Amino acid sequence: MIVRGSGPLDSGPRSGGAMQVSRSNGIHIHFADLGRPGGAALVFANSLGTDFRIWERVIGCLDGNIRVILYDKRGHGLSEAPAGPYSLSDHVADLASLLDSLAVRDAIVCGLSVGGMIAQALTAARPDLVRALVLCDTAHRIGPPGMWDTRIAAIEEGGIAALADSILERWFSAAFRAGRAEELAGWRNMLVRTPVEGYLGTCAAIRDADLTDRAAAIGVPALCLVGAEDGATPPDLVRSLAELIPGARFRIIDGAGHLPCVERPDALAAAMTEFFEETGLV
């Protein structure tokens, strides 16, 4: 079920600017369906503590003939935040249900961090939905469980704001943090305003996920990218994911941390476009 109502989002010709919400896998998921309705579908999945606005600059650099689908995963943005903890399978089922409601098949799925883990797991669970992967600043396994338990405990005690500065250091390059202070403040607001239930629920999903075997079985074209200054999923970790996936391409984006879609959208879009052209995806 899809509900459209008034809202500030300029979501293009598909929605006429109306907010779009789908009842997917039993919860309300906020999404946007942009671009040419008959074009190849490109689906974006966000990182922990962000909403789909992180992709706006990338979309502006892409071919307008592509159909773009953005969504806020459970517990983030304007989507519902049910009580946690969540599993990665919960996130995968949410996205699969959304794409089913939109009659999307054979999409290119671009995921950042936990969004990349969702994309990998969706490929295994619903191969009919995925024709290619763009895996940004992600891995088959992110961090040891103890690290996530420590983060969960710290946020339960002091809220997301207690860790916000250290998270932003991993998200953004030193140059960005020093030279774009006003914008940095906006991204900090996005982070700290994430529902605590959604943030902690998704921390648990990342903690408990090991996609090593599923990554090795991926049979669709894949591009793995990472910011050179990523402090959350460093280049060597993302390279190890690319080495697991048969035939995967690997690229490092200079001048970016964990969110190259924010810092270097031009470079990210160029790498994606080259990948699409080389593999005949669009």
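To start, this report covers the structure provided alongside it. Each chain has its residues counted from 1, following the order in which its sequence is written. Reporting in this predicted model follows two pLDDT cut-offs: at least 70 for local features of residues, and 80 or more for side-chain atom pairs to be given and counted; totals over whole chains, interfaces and linings ignore these cut-offs and use all residues. With hydrogens and water stripped out, all remaining heavy atoms of the structure feed into the side-chain values.

Going along the chain from the N terminus, every DSSP run of H or I of four or more residues is numbered as a helix, and every run of E of two or more is numbered as a strand. A tally of helices and strands in the chain yields 13 helices and nine strands. In this treatment the radius of gyration is a C-alpha quantity, and the globule benchmark scales as 2.2 Å times the residue count to the 0.38 power. Taken against the 2.2 N^0.38 rule, which gives 19 Å for 282 residues, the C-alpha radius of gyration of the chain at 17 Å falls within 12% of a compact globule. Counting only C-alpha atoms and orienting by the principal axes, one finds that the chain spans roughly 45 × 40 × 40 Å. In the chain, buried positions account for 52% of the 282 residues. Of all intrachain contacts in the chain linking residues separated by at least 6 positions in sequence, the fraction that spans at least 24 positions is 72%. As displayed, the chain has an accessible area near 10800 Å², and 51% of this comes from carbon and sulfur atoms. For the chain, the centre of its 25 positive side-chain charges and the centre of its 34 negative side-chain charges are spaced 4 Å apart. Relative accessible area decides the class of each residue, using a 1.4 Å probe on protein chains only: under 20% of the type maximum gives buried, over 50% gives exposed, and in between gives partly exposed. Contacts are residue-level and defined by heavy atoms, with any inter-residue pair within 4.5 Å sufficient. Per-residue accessibility takes into account occlusion by the displayed protein chains alone, with areas from the Shrake-Rupley method and a 1.4 Å probe. Only four residue types enter the tally: Lys and Arg on the positive side, Asp and Glu on the negative side; His and the chain ends are excluded. Each charge is placed at NZ for Lys, CZ for Arg, CG for Asp and CD for Glu.

Now for the pattern of salt bridges. Here a salt bridge means any side-chain nitrogen of Lys or Arg lying within 4 Å of a carboxyl oxygen belonging to Asp or Glu. The full count for this structure, using the stated rule, is 17 salt bridges. R251 serves as the salt-bridge partner of E274, at 3.7 Å between the closest nitrogen and oxygen. Residue E274 is located in helix α13 (residues 265-279), and its partner R251 is located in strand β9 (residues 249-253); the two are separated by 23 residues in the primary sequence. Residue classification places E274 among the partly exposed positions, given a relative accessible area of 37%.

Right, let's talk about helix α3 (residues 88-101) for a bit. Take the residue count of a helix, subtract one, and multiply by 1.5 Å to get its expected span. With 14 residues, α3 ought to run about 20 Å at 1.5 Å a step, and its terminal C-alpha atoms sit 20 Å apart, in line with that. Listed as buried for α3 are L88, H91, V92, D94, L95, A96, L98 and L99. Buried residues in α3 make contact with β2 (19-24), β3 (27-34), β4 (41-45), β5 (67-71), α4 (114-125) and α9 (196-207). A positive phi of about 55° marks A103, the residue just after α3.

Turning next to the packing of helix α5 (residues 145-158) against α9. Axis definition: a line fitted to C-alpha atoms, limited for helices to the stretch in contact. Angles are taken between N-to-C directions and run from 0 to 180 degrees. Relative orientation of the contacting elements α5 and α9 amounts to 170°, with a least axis distance of 9 Å. Taken together, the axis directions place α5 and α9 in an arrangement best described as roughly antiparallel. Of α9, the residues touching α5 (which contributes P145, W148, D149, R151, I152, I155 and E156) are V196, Y199, L200, C203, A204, I206 and R207. Gly falls in the polar group here, along with every residue not listed as nonpolar (Ala, Val, Leu, Ile, Met, Phe, Trp, Tyr, Cys, Pro) or charged (Asp, Glu, Lys, Arg). Tallied by class, residues from the contact of α5 with α9 come to ten nonpolar, no polar and four charged. We call two directions roughly parallel when the angle between them is under 35 degrees, roughly antiparallel when it is over 145, roughly perpendicular when it lies between 65 and 115, and oblique otherwise.

Between helix α6 (residues 164-171) and helix α8 (residues 181-192), whose axes approach to 11 Å, the crossing angle comes to 120°. Taken together, α6 and α8 sit at an angle that is classed as oblique. Note on packing geometry: the crossing formed by α6 with α8 is right-handed. In this structure, α6 contributes A164, D165, I167, L168 and W171 to the contact, and α8 contributes L184, W187, R188, L191 and V192. Looking at the contact of α6 with α8, its residues break down into eight nonpolar, no polar and two charged. Handedness of a crossing is defined here by the sense of rotation of the near helix relative to the far one, left-handed for an anticlockwise turn of less than a right angle and right-handed for a clockwise turn.

Moving on to α6. For α6, the complete set of buried residues consists of A164, I167, L168 and W171. Projected onto a plane normal to the axis of α6, the buried residues spread over an arc of 100° and lie on a single side. Those residues of α6 that are buried are in contact with α7 (174-179), α8, α9 and α12 (260-263). It is the directions from the helix axis to the C-beta atoms whose arc is reported.

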